[in-house]
Amino acid sequence: MDATTTPATQVATVKLLIGGQFVESKTSEWRDIVNPATQEVLARVPFATQAEVDAAVASAKDAFKTWRKTAIGARARIFLKYQQLIREHMGELAAILTAEQGKTLPDAEGDVFRGLEVVEHAAGIGNLQLGELANNVANGVDTYTLLQPLGVCAGITPFNFPAMIPLWMFPMAIVTGNTFVLKPSEQDPMVTMRLCELALEAGIPPGVLNVVHGGEAVVNAICDHQDIKAISFVGSTKVGTHVYNRATLAGKRVQCMMGAKNHAIVMPDAHKEQSLNALLGASFGAAGQRCMAVSVAVLVGDARKWIPDLVEKSKGLKVGAGIEKGVDVGPLVSCAAHDRVTGLIDRGVAEGAKLELDGRKHSVPGYEKGNFVGPTIFSGVKPGMTIYDQEIFGPVLCLAGADSIDEAIEMINANPNGNGTAIFTQSGAAARRFQEDIDVGQVGINVPIPVPVPMFSFTGSRASKLGDLGPYGKQVVLFYTQTKTVTARWFDDDTAHGLNTTISLK
Ligand code: NAD
């Protein structure tokens, strides 16, 4: 997104975090952070200059010299304190998040909570960053591995989980001994910044965590910077592919978690009420702005007869501002997102899908300027239609049909994206078949949004992920460390047993 405005004195400004200090940017490019339910300007975010990016990286590079040697227990204790601070500030964090992003307050707490789980996991680093040892690999020789931090690492995050996704990144990077430069989404950086303040309060030393704001230019500066060793990116496939190509070309280790088109298969033997409720929650929760939102339901056989019930249930969902009680579906993050989603609904109608429920022109009393789109359902959706081929990222559920589980699996595997999927069934055989044959990273069995807990790693197939290792879980310890293999022999005395010119260890 482009920067559009210059700072006005009456509106708060979001600060950069460099060398342990929250500082005002010297940039001339600023962007408004807007409440999506009211259009109120909450603050302005700077698009950092190249010099500011350089200063953040230099501060991280300097801090790495001592942080990499800090005892593992000392690192772990900071994250123990941090998880406590996040818990104590849960209500405040959720309120900031709802104001700038739009999701409902309970869902905002969920956003913070799923990140908090990763912080808790980081506090257990003593059991995670362990090498291996083989005793007596040759006469008097042992071999062991060290998992050493890389240096300065960076994270680039999307707008839809401004608490959880930054917390996927910097806690695990820092607890493994690296220092970090974070570039939050320019659309909603305020809750991220509050989380960074709490991280410093928990004891993260100056320079270990730095934050720069901005868009394309700042992301490119991070990709190109010679002192950054690894980048974790979460966002759209288009931008992620660009980041991956540019940063790997610059010699960095990169992981990119990207776009989605998540399908759920509904088998006719599924528990109907449970499955339809799960489906609607996963399609319309967070106004469909989750990378794991179900955006296509493939109704198999007689499950096609459930469409009227699905539509009726959806009409019961309450659309409104996230701060109001009882709201199920909040506004979309921006006017641009609203126009893009309603434009795609127009396209779906024009291309022949049947509009079963129309969420366009949804007005919420008291919030007439909000970016609201109500739950929208299309049936008769097929590959080749724009609403099937593109990630809509709004509260739009596309219904497709299949005669068998084979046909449904084939359809999902033919989609370019492979982020999340689910099956609803009472058949263990069908569920097992699905988990075996489906080519998607996160698989749910009667679980609509199977985001892994932090002991496991988030993953993805095909266009949803680039790079071998995922964020959090065991994989991320490998992502943020370099394995060094040491082969050691200690002599008891100076009795020589001859000279060895072979490669063998004797
Ligand atoms: P986005 O790709 O527009 O933005 C992500 C980040 O890239 C932001 O920090 C942004 O400032 C930066 N950016 C934007 N345009 C850029 C450009 N041209 N060059 C360089 N950097 C640029 O994504 P978004 O709209 O913020 O988030 C929604 C997307 O993220 C969806 O596609 C969603 O599926 C995906 N997502 C994926 C996961 C996952 O784990 N797979 C999780 C959350 C979101």
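Scroll up to find the structure this text is about.
To keep things clear, this report deals only with the structure shown in the data block. (Residues numbered from 1 in each chain as written. Predicted model: local features only at pLDDT ≥ 70, side-chain atom pairs only at ≥ 80, totals over all residues. Heavy atoms only, no water.)

## Concerning a nonpolar patch on the surface
Item 1. Taken together, Val-453, Met-455 and Phe-456 make up a surface patch of nonpolar side chains, about 300 Å² in accessible area.
Item 2. Tracing the chain through its elements places Val-453 in the loop between β19 (442-445) and β20 (461-462).
Item 3. Its relative accessible area of 32% is what places Val-453 among the partly exposed residues. (Patch = residues over 30% accessible without salt bridge, like charges linked within 9 Å, V, L, I, M, F, W, Y side chains within 5 Å. Areas by Shrake-Rupley, 256 points an atom, 1.4 Å probe, with all protein chains shown as cover. Salt bridge = Lys/Arg side-chain N within 4 Å of Asp/Glu carboxyl O. Helix = DSSP H or I, 4+ residues; strand = E, 2+ residues; numbered from the N terminus. Buried < 20%, exposed > 50% of the residue type's maximum accessible area, 1.4 Å probe, protein only.)

## Examining the site of the ligand
Item 1. The immediate surroundings of the ligand are formed by 27 residues, with Thr-157, Lys-183, Glu-186, Ser-236 and Glu-391 found nearest.
Item 2. Residue Asn-419 places a side-chain N or O atom 3.4 Å away from a nitrogen atom belonging to the ligand.
Item 3. Summarising the interface, the protein chains cover 88% of the accessible area of the ligand, which totals 840 Å² for the free molecule.
Item 4. The set of elements that each furnish at least two residues to the shell around the ligand consists of α5 (164-175), α7 (216-224) and β10 (228-234).
Item 5. Taken together, the residues of the shell around the ligand break down into 15 nonpolar, 8 polar and 4 charged. (Near = heavy atom within 4 Å. Polar contact = N/O pair within 3.5 Å; in protein donor to acceptor, adjacent residues only side chain to side chain. Nonpolar A, V, L, I, M, F, W, Y, C, P; charged D, E, K, R; others polar.)

## Topic: the pattern of salt bridges
Item 1. Counted according to the given criterion, the structure contains 25 salt bridges.
Item 2. A salt bridge links Arg-44 to Asp-32; its shortest N-O distance comes to 2.7 Å. With Arg-44 in strand β4 (residues 41-46) and Asp-32 in strand β3 (residues 30-34), this pair connects stretches of sequence that are 12 residues apart.
Item 3. Where Lys-315 meets Glu-312, a salt bridge forms, and the shortest distance between an N and an O atom there is 3.1 Å. Of this pair, Lys-315 and Glu-312 both sit in helix α10 (residues 307-315), separated by 3 residues, roughly a single helical turn.

## A look at the sheet that holds strand β5 (residues 133-138)
Item 1. With antiparallel pairing, the 3 strands of this open sheet are ordered in space as β5-β6-β22. Edge positions in the sheet fall to β5 and β22 (481-489), since each of these pairs with one other strand and no more. Neighbour-to-neighbour, the strand axes of the sheet open up by a mean angle of 30 degrees, direction not taken into account.
Item 2. Where strand β6 (residues 141-149) lies against β22, 9 bridges are found, and the strand directions are antiparallel. (Pairing = 2+ DSSP bridges. Axes fitted to C-alpha atoms, helices over the stretch in contact; angles between N-to-C directions.)

## A look at the sheet that holds strand β18 (residues 420-424)
Item 1. The strand order β14-β15-β16-β13-β12-β18-β19 describes an open sheet built from 7 strands, whose pairing is mixed. The open sheet has two edge strands with one neighbour each: β14 (354-357) and β19. Geometrically, the sheet is characterised by an average inter-axis angle of 20 degrees between neighbouring strands, direction not taken into account.
Item 2. Relative to strand β15 (residues 376-379), β14 runs antiparallel, the two being bridged by 3 bridges. Its bridge partner lying in β15, Leu-355 is registered against Phe-378.
Item 3. Of the strands in this sheet, β13 (294-300), β14, β15 and β16 (396-402) touch α10, which is tilted by about 50 degrees from β14. (Contact = heavy atoms within 4.5 Å.)

## Topic: the nonpolar core
Item 1. Residues Ile-265 and Leu-397 are the most contacted members of the largest nonpolar core, which totals 66 residues.
Item 2. The residues touching Leu-397, leaving out its near neighbours within four places in the chain, are Leu-280, Ser-283, Phe-284, Val-294, Ser-295, Val-296, Ala-297, Leu-310, Thr-376, Ile-377 and Phe-378. (Core = buried A, V, L, I, M, F, W, Y, C linked by side-chain atoms within 4.5 Å.)

## Topic: the pairing of strand β12 (residues 262-266)
Item 1. Of all 5 residues in β12, 5 are buried; the element is thus mostly enclosed.
Item 2. Burial of β12 is two-sided: the residues Asn-262, Ala-264 and Val-266 facing one way and the residues His-263 and Ile-265 facing the other way are all buried.
Item 3. Two strands pair when backbone bridges link them, and β12 and β13 are joined in this way by 5 bridges, in the parallel orientation. Note on β13: the bridge partner recorded for His-263 is Val-296.
Item 4. For the crossover that starts at β12, traverses helix α9 (residues 272-284) and ends in the parallel β13, the hand is right-handed. (Right-handed = clockwise from strand over helix to strand, strands pointing away.)

## A closer look at helix α1 (residues 50-67)
Item 1. The terminal C-alpha atoms of α1, which comprises 18 residues, lie 25 Å apart, in line with the 26 Å expected from a rise of 1.5 Å per residue.
Item 2. Those residues of α1 that fall on the buried side of the exposure criterion are Glu-52, Val-53, Ala-56, Val-57, Ser-59, Ala-60, Ala-63, Phe-64 and Trp-67. Along the long axis of α1, the arc covered by the buried residues comes to 160 degrees, so they all point the same way. α1 presents Ala-51, Lys-65 and Thr-66 as exposed residues on the side facing more than 90 degrees away from its buried surface. (Expected span 1.5 Å × (residues − 1). Arc of directions from axis to C-beta.)

## Re the packing of helix α3 (residues 90-101) against helix α6 (residues 190-202)
Item 1. At a minimum axis separation of 8 Å, α3 and α6 run at an interaxial angle of 155 degrees. Relative to α6, the element α3 lies roughly antiparallel. Here Glu-92, Leu-93, Ile-96, Leu-97 and Glu-100 of α3 lie close against α6, whose contacting residues are Met-190, Val-191, Arg-194, Leu-195 and Leu-198.
Item 2. Counted by class, the contact of α3 with α6 contains 7 nonpolar, no polar and 3 charged residues. (Parallel < 35°, antiparallel > 145°, perpendicular 65-115°, else oblique.)

## Re the packing of aromatic side chains
Item 1. As enumerated under the stated definition, the model contains 6 aromatic pairs in all.
Item 2. An angle of 35 degrees between the planes, with centres 6.2 Å apart, marks the rings of Tyr-82 and Phe-170 as tilted. Placement of the pair is Tyr-82 in helix α2 (residues 72-88) and Phe-170 in helix α5, with a sequence separation of 88 residues.
Item 3. Of the residues examined, Phe-170 reaches a relative accessible area of 0% and is grouped as buried.
Item 4. Each residue in the set Phe-79, Tyr-82 and Phe-170 is aromatic and connected to the rest through ring pairs, giving one cluster.
Item 5. One residue, Lys-103, lies across the ring of Phe-161, its end atom 4.0 Å from the ring centre. (Phe/Tyr/Trp six-rings, centres within 6.5 Å; stacked < 30°, edge-to-face > 60°. Lys NZ or Arg CZ within 6 Å of the ring centre and 35° of its normal.)

## Side note on unusual backbone geometry
Item 1. Although it is not a glycine, Asn-136 adopts a positive phi angle of roughly 55 degrees.
Item 2. Structurally, the position occupied by Asn-136 is in strand β5.
Item 3. Notably, Tyr-472 is not glycine yet its phi reads approximately 50 degrees, a positive angle.
Item 4. With respect to the helices and strands, Tyr-472 occurs in the loop between β21 (465-466) and α15 (473-479).
Item 5. Residue classification places Tyr-472 among the buried residues on the basis of a relative accessible area of 1%.

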